[in-house]
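# Commentary on secondary and tertiary structure
Residue-level listing of the chains:
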Amino acid sequence: MASAAITLAADAPTLSSANTGFMLICSALVMLMTPGLAFFYGGMVRVKSTLNMLMMSFISLGIVTILWVLYGFSMAFGTDSGSLIGWNSDWVGLSNIGLTQLWDGYTIPIFVFLVFQLMFAIITPALISGALADRVKFTAWALFIALWATVVYFPVAHWVWGAGGWAFELGVIDFAGGTAVHINAGAAALGVILVIGKRVGFKKDPMRPHSLPLVMLGAGLLWFGWFGFNAGSWLGNDDGVGALMFVNTQVATAAAMLAWLIYEKIRHGAFTTLGAASGAVAGLVAITPAGGAVSPLGAIAVGAIAGLLCAMAVGLKYKLGYDDSLDVVGVHLVGGVVGSLLIGFFASGKGQSEVQGLFYGGGLDQFWKQCAGVFAVLAYSLVVSAILAFILDKTIGMRVPEDDEVAGIDQAEHAETAYDFSGAGGGAARTAAAQAPVAAAASKKVDA
């Protein structure tokens, strides 16, 4: 017995300063993604909605952080109850966690794990905001975030990643959030926009991005931060799986961007910057669940397929009549579904686990497991999000008045505008006034 006890003590994980430091850096990278998302979305809207779009992402940093401390972490990762939700009273308020107390089975402190997962919880509702651009009251949006995080995100995170969660126990593979983050947010976006309706002028007025440089900046920040999002989800750097995920993140993103641009050139005759940015994000979304299970060649396939299908999917809103302002459904929902399901075909058995997909001799067993996770999360998030939006719309109202939407939601909701043109206008007026005598003299010479 003594010998066995000594062996168990020797095998118990000890705190790794290297993994702890690595995970803190990854956490900061994931945090950076939310401002990156704000720029990405902010550049895609019309100029009169820029600040509102930025704020819809930034407010999630405030609301979800407080909820996570109070009860969110406990609900998502506490002791399982019925395979549906977690709870640990010692984690409420994060008041009974030791500084060096390790996350079970890993070499990082609980505090490091919980702050890494917090950044996922923050960005997920922020992703929804892109579908609602131009037309949602800021107070209603803030309340929606609080309710949605509580009744949708925290439980779904437990299903997918929490010990005892039904999807976790079933063996659904979601390395970094294909179901819990992207399908969850994309389905929620669809549910809400079906309730609140279209923007004024949808399919009639031009609604082009006001700043493509901002879009590209946001996409670049997302791409950069996504390495922490994906590689960090292995919670360490000891066995090479995190490195595989890092490589696959880059590879799939590149493949998706190229596939989107090729489709765009064939279909519309041009390679656009918006297409490059959107294709990159589609690849990042698709590889998020799959990158630890597939090879780099598999990552090329996942990225290329996702880039093509997402490029095709963004046009569905015009055919089906739902107003997904910034293509959250077309990119995040479709990309998340594609990446999650392709694990059932491209899992190599040489990454995060020995699970093999159909193309590696594993049959369709994993594919059906992926289907269960994908469609359960999609249905739950879609229905519950629509119900939340309906309740808010019938009580405090979800939409701004039509006049405010037409005039500009920035001024109506935030009493600010993104760009101050008064100085430029004054300068232009003064220049015109100064040039007027010269122009008049020239005119007289011509007449003479």
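Values in this document were obtained by computation on a predicted structure and should not be read as measured data.

The next thing to look at is the overall build of the protein chain. Looking only at helices and strands, one finds 17 helices and 2 strands in the protein chain. The C-alpha atoms of the protein chain give a radius of gyration of 24 Å, which matches the 22 Å a tight globule of 448 residues would have. Looking at the protein chain residue by residue over its 448 residues, the buried ones come to 54%. Taking as baseline every contact in the protein chain between residues at least 6 positions apart, the subset at least 24 positions apart corresponds to 76%.

What follows concerns the packing of helix H3 (residues 50–77) against helix H4 (residues 110–128). Two elements in contact, H3 and H4, have axes separated by 8 Å at closest approach and are oriented at 130 degrees. Here H3 lies oblique to H4, going by the angle between them. Note on packing geometry: the crossing formed by H3 with H4 is right-handed. Along its contact with H3, which presents Ser-57, Ser-60, Leu-61, Val-64, Thr-65, Trp-68, Phe-73 and Phe-77, the element H4 presents Ile-110, Phe-113, Leu-114, Gln-117, Leu-118, Ala-121, Ile-122, Pro-125 and Ala-126. Partitioned by chemical class, the residues of the contact of H3 with H4 number 13 nonpolar, 4 polar and no charged.

What follows concerns the side chain of Ser-381. Looking at the element boundaries, Ser-381 is found in helix H14 (residues 365–395). For Ser-381, a relative accessible area of 0% gives the class buried. Reaching out from Ser-381, the side chain makes a polar contact with the backbone oxygen of Asn-184 at a distance of 2.7 Å. Those residues within four positions of Ser-381 in sequence are excluded, and the remaining contacts are Trp-148, Val-152, Asn-184, Ala-187 and Ala-188.

Moving on, we come to the packing of aromatic side chains. Across all of its chains, the model carries 29 aromatic pairs by this definition. A ring pair is formed by Trp-91 and Trp-103, whose centres lie 5.8 Å apart and whose planes are at 40 degrees; its orientation type is tilted. Taken as a pair, Trp-91 in the loop between strand S2 (85–87) and H4 and Trp-103 in the loop between S2 and H4 lie far apart in primary sequence, 12 residues in all. There is no split in this pair, since Trp-91 and Trp-103 are both buried.

In this structure, Phe-73 and Leu-132 are the most contacted members of the largest nonpolar core, which totals 113 residues. The leading source of residues in this core is helix H5 (residues 138–161), at 16 residues. Leaving out residues up to four positions away in the same chain, Leu-132 has contacts with Met-56, Trp-141, Val-192, Ile-193, Ile-196 and Ser-325. In terms of nonpolar packing, the next biggest core, distinct from the first, is built from 15 residues, Ala-252, Ile-287, Val-294 and Ala-306 among them.

Following the criterion strictly, the structure yields 0 disulfides and no others. The thiol sulfur of Cys-310 is not disulfide-bonded, and the nearest other cysteine sulfur, from Cys-371, lies at 17 Å. For Cys-310, a relative accessible area of 0% corresponds to the buried category. Residue class for Cys-371 comes out buried when judged on its relative accessible area of 13%.

Basis of the calculations
- Residues numbered from 1 in each chain as written.
- Predicted model: local features only at pLDDT ≥ 70, side-chain atom pairs only at ≥ 80, totals over all residues.
- Heavy atoms only, no water.
- Helix = DSSP H or I, 4+ residues; strand = E, 2+ residues; numbered from the N terminus.
- Rg over C-alpha atoms; globule rule 2.2 N^0.38 Å.
- Buried < 20%, exposed > 50% of the residue type's maximum accessible area, 1.4 Å probe, protein only.
- Contact = heavy atoms within 4.5 Å.
- Axes fitted to C-alpha atoms, helices over the stretch in contact; angles between N-to-C directions.
- Parallel < 35°, antiparallel > 145°, perpendicular 65-115°, else oblique.
- Left-handed = near helix turned anticlockwise from the far one by under 90°.
- Nonpolar A, V, L, I, M, F, W, Y, C, P; charged D, E, K, R; others polar.
- Polar contact = N/O pair within 3.5 Å; in protein donor to acceptor, adjacent residues only side chain to side chain.
- Phe/Tyr/Trp six-rings, centres within 6.5 Å; stacked < 30°, edge-to-face > 60°.
- Core = buried A, V, L, I, M, F, W, Y, C linked by side-chain atoms within 4.5 Å.
- Disulfide = S-S within 2.5 Å.

Note that every value here comes from positions in space, so none of it alone points to a role or purpose.
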